[in-house]
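As a plain string of letters, each chain reads:
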Amino acid sequence: MARGNSLKTLGLIGVPVGFILIFFIVPLAIMAVVSVAERGQFGGVQWNTFSTEAYLRFLYERDFDDSLIWNPAYAQILLRSVWLSLLTTVLCVLIGFPTALHMAMQPPPRRNLLIFLVTIPFWTNLLVRNYAWILMLRSGGLIDSALHSLGLTTGSLNLMYTETAIAIGLTYSFLPFMVLPIYSSLEKLDFRLVEAAYDLGADKWRALRRVVIPLAMPGIAAGAILVFIPCLGAYVTPDLLGGSKSMMIGNLIQNQFGSSRNWPFGAALSFALLAVVLLAMMLYLLRFRRAPQVAK
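Residues numbered from 1 in each chain as written. Predicted model: local features only at pLDDT ≥ 70, side-chain atom pairs only at ≥ 80, totals over all residues. Heavy atoms only, no water.

Description of the packing of aromatic side chains
- Within the structure shown, the criterion is met by 7 aromatic pairs.
- Ring geometry for Phe174 and Phe177: centres 6.0 Å apart, planes at 45°, overall tilted. On the criterion of helical spacing, the pair formed by Phe174 and Phe177 is a turn pair, its members being 3 residues apart in helix H7 (residues 163-187).
- The class for Phe177 is partly exposed, based on a relative accessible area of 31%.
- Every member of this aromatic cluster is reached through a ring pair, and the members are Phe122, Phe174 and Phe177.
- Above the ring of Phe265, the side-chain terminus of Arg57 is found at 4.7 Å from the ring centroid. (Phe/Tyr/Trp six-rings, centres within 6.5 Å; stacked < 30°, edge-to-face > 60°. Helix = DSSP H or I, 4+ residues; strand = E, 2+ residues; numbered from the N terminus. Buried < 20%, exposed > 50% of the residue type's maximum accessible area, 1.4 Å probe, protein only. Lys NZ or Arg CZ within 6 Å of the ring centre and 35° of its normal.)

As structure tokens, this is what we get:
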């Protein structure tokens, strides 16, 4: 019986371990090998030679005499990706927190309706939603026409193919990922604590700052991770709304595996992106890890 239980336990553990090994560890290992391989003459890789040239190319380029020269172009793309991801996360928090708080303060039947409305954008393909923003942000589009008819502007805002357009598109795309985790935290909030803060002399802003926001912080942190990490690797929105002048690292990686056919450099860029994601996750775990509970 003991041997049978051990085999069952091994079988239960082996399935998820095998899944992680096949669909996570093995692809990462393949990408690691590709990143240190030599680029083929007509694309792809040469498996007989290995070097760190792809990683050096991220910060340097080769001169005519084969010496290394500092080239910040690719680093700037990575920094732009991090900056736009942070900006999108902040905008999602500023919009998502009041929305989630309003939802949590509604009666239960109305909460379900509001949750349904928040999830409606998921019913439409992301590509279609971004094309809708093109119609709104382009010169002479819906936004320009509305502002011009109100007399607020005389010319075009020229929003398309800018970082502003990317930030708007990313905020719209990932806002539900911020609203739902915050709502999940606020739904469990005992609003008698807010009433107690009022009884102790706090006004609305102090009660919000000292009671509501600290209790909602786990949801805010979870939403920030759910928004920041996908934004780093976003491809469709920057490609359609940003153009080549506002390229993000996801577009750069796609170009290396696509038209440029430089697989080693694309794999090296992927690991650079992975390093940023792991850093964000480590900061999240260090900040919001649970303290060990003391046995009573």
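Here the narrative resumes, following the displayed structure.
Quick word on a nonpolar patch on the surface
- Judged by side-chain polarity, Phe19, Ile20, Leu21, Ile22, Phe23, Phe24, Ile25, Val26 and Ile30 come together as a nonpolar surface patch covering roughly 890 Å² of accessible area.
- Take Ile30: it is sitting in helix H1 (residues 2-35). (Patch = residues over 30% accessible without salt bridge, like charges linked within 9 Å, V, L, I, M, F, W, Y side chains within 5 Å. Areas by Shrake-Rupley, 256 points an atom, 1.4 Å probe, with all protein chains shown as cover. Salt bridge = Lys/Arg side-chain N within 4 Å of Asp/Glu carboxyl O.)

Focus: the layout of surface pockets
- Roughly 380 Å³ of internal volume is contained in the largest pocket.
- Taken together, 16 residues form the lining of the largest pocket, with Leu86, Ala224, Ile225, Phe228 and Ala280 sitting closest to its centre.
- Those elements giving two or more residues to the lining of the largest pocket turn out to be helix H3 (73-104), helix H9 (204-232) and helix H12 (263-288).
- Per element, the largest residue contribution to the lining of the largest pocket is 6 residues, and it comes from H12.
- Residue classes in the lining of the largest pocket are distributed as 15 nonpolar, 1 polar and no charged. (1 Å grid on protein atoms, 1.4 Å probe; cavity = no way out; pocket = protein on both sides within 12 Å on 5 of 7 lines; lining within 4 Å. Points joined across faces, edges and corners; volume = space filled by probe spheres on them. Nonpolar A, V, L, I, M, F, W, Y, C, P; charged D, E, K, R; others polar.)

Things to note about the packing of helix H4 (residues 108-119) against H7
- Following both chains from N to C, one finds H4 and H7 inclined at 160°, their axes separated by 10 Å at the closest point. As summarised for this structure, H4 and H7 are arranged roughly antiparallel, according to the angle between their axes. The two elements H4 and H7 meet at a crossing, and its hand is left-handed. Taken together, the residues of H7 that come into contact with H4 (itself represented by Arg111, Ile115, Val118 and Thr119) are Pro176, Val179, Leu180, Tyr183 and Glu187.
- The residue makeup of the contact of H4 with H7, split by class, is 6 nonpolar, 1 polar and 2 charged. (Axes fitted to C-alpha atoms, helices over the stretch in contact; angles between N-to-C directions. Parallel < 35°, antiparallel > 145°, perpendicular 65-115°, else oblique. Left-handed = near helix turned anticlockwise from the far one by under 90°. Contact = heavy atoms within 4.5 Å.)

Things to note about the nonpolar core
- Core analysis: the largest hydrophobic core is formed by 30 residues, its most contacted members being Phe97, Leu170, Ile182, Leu186 and Val212.
- Listing elements by their share of this core, those giving two or more residues are H3, H4, H7, helix H8 (192-199) and H9.
- The greatest single-element share of this core, amounting to 8 residues, is contributed by H7.
- If sequence neighbours within four positions are ignored, Leu170 has contacts with Thr88, Cys231, Ala234, Thr237 and Met248.
- Core analysis: the next-biggest nonpolar cluster, separate from the first, contains 16 residues, Leu232, Ile249, Leu252 and Leu273 among them. (Core = buried A, V, L, I, M, F, W, Y, C linked by side-chain atoms within 4.5 Å.)

What to know about H9
- Between its first and last C-alpha, H9 extends only 36 Å over 29 residues, short of the 42 Å set by a 1.5 Å rise per residue.
- The largest bend in H9 is about 50°, located at Met217, with the proline Pro218 one to four residues further on. (Expected span 1.5 Å × (residues − 1). Bend = angle between axes of the 7 residues up to and from the residue.)

Brief notes about the pattern of salt bridges
- Under the criterion given, the structure shown has 3 salt bridges.
- We note a salt bridge from Arg62 to Glu53, for which the minimum N-O separation is 2.9 Å.
- Exposure remark for Arg62: the relative accessible area of 37% places this residue in the partly exposed category.
- A salt bridge links Arg80 to Glu163; the shortest N-O distance between them is 3.4 Å. Here Arg80 is found in helix H3, whereas its partner Glu163 is found in helix H7, with 83 residues between them in sequence.
- Among the residues examined, Arg80 registers a relative accessible area of 18% and is labelled buried.
- With relative accessibility at 31%, the residue Glu163 sits in the partly exposed group.

A few points about the UniProt feature "domain: ABC transmembrane type-1" (unreviewed entry) in the chain
- Here, UniProt's "domain: ABC transmembrane type-1" (unreviewed entry) annotation points to residues 78-286.
- A helix fraction of 77% and a strand fraction of 0% characterise residues 78-286, whose end C-alpha atoms lie 24 Å from each other. (UniProt positions renumbered as here; feature names shortened; annotations may be inferred.)

Looking at the confidence of the model for the chain
- Confidence along the chain averages 86 in pLDDT terms, with 95% of residues attaining 70 or more.
- Contacts for the low-pLDDT stretch residues 291-296, under 50 throughout, to residues beyond four places or in other chains number 0 contacts. (pLDDT = per-residue confidence, 0-100.)

Things to note about unusual backbone geometry
- Positive phi is not limited to glycine here, since Tyr161 has a value of about 60°.
- Mapped onto the elements of the fold, Tyr161 is located in the loop between helix H6 (142-149) and H7.

Considering the side chain of Arg80
- There is a polar contact of 2.6 Å between the side chain of Arg80 and the backbone oxygen of Met247.
- Beyond its immediate chain neighbours, meaning those up to four positions away, Arg80 contacts Glu163, Lys245, Ser246 and Met247. (Polar contact = N/O pair within 3.5 Å; in protein donor to acceptor, adjacent residues only side chain to side chain.)

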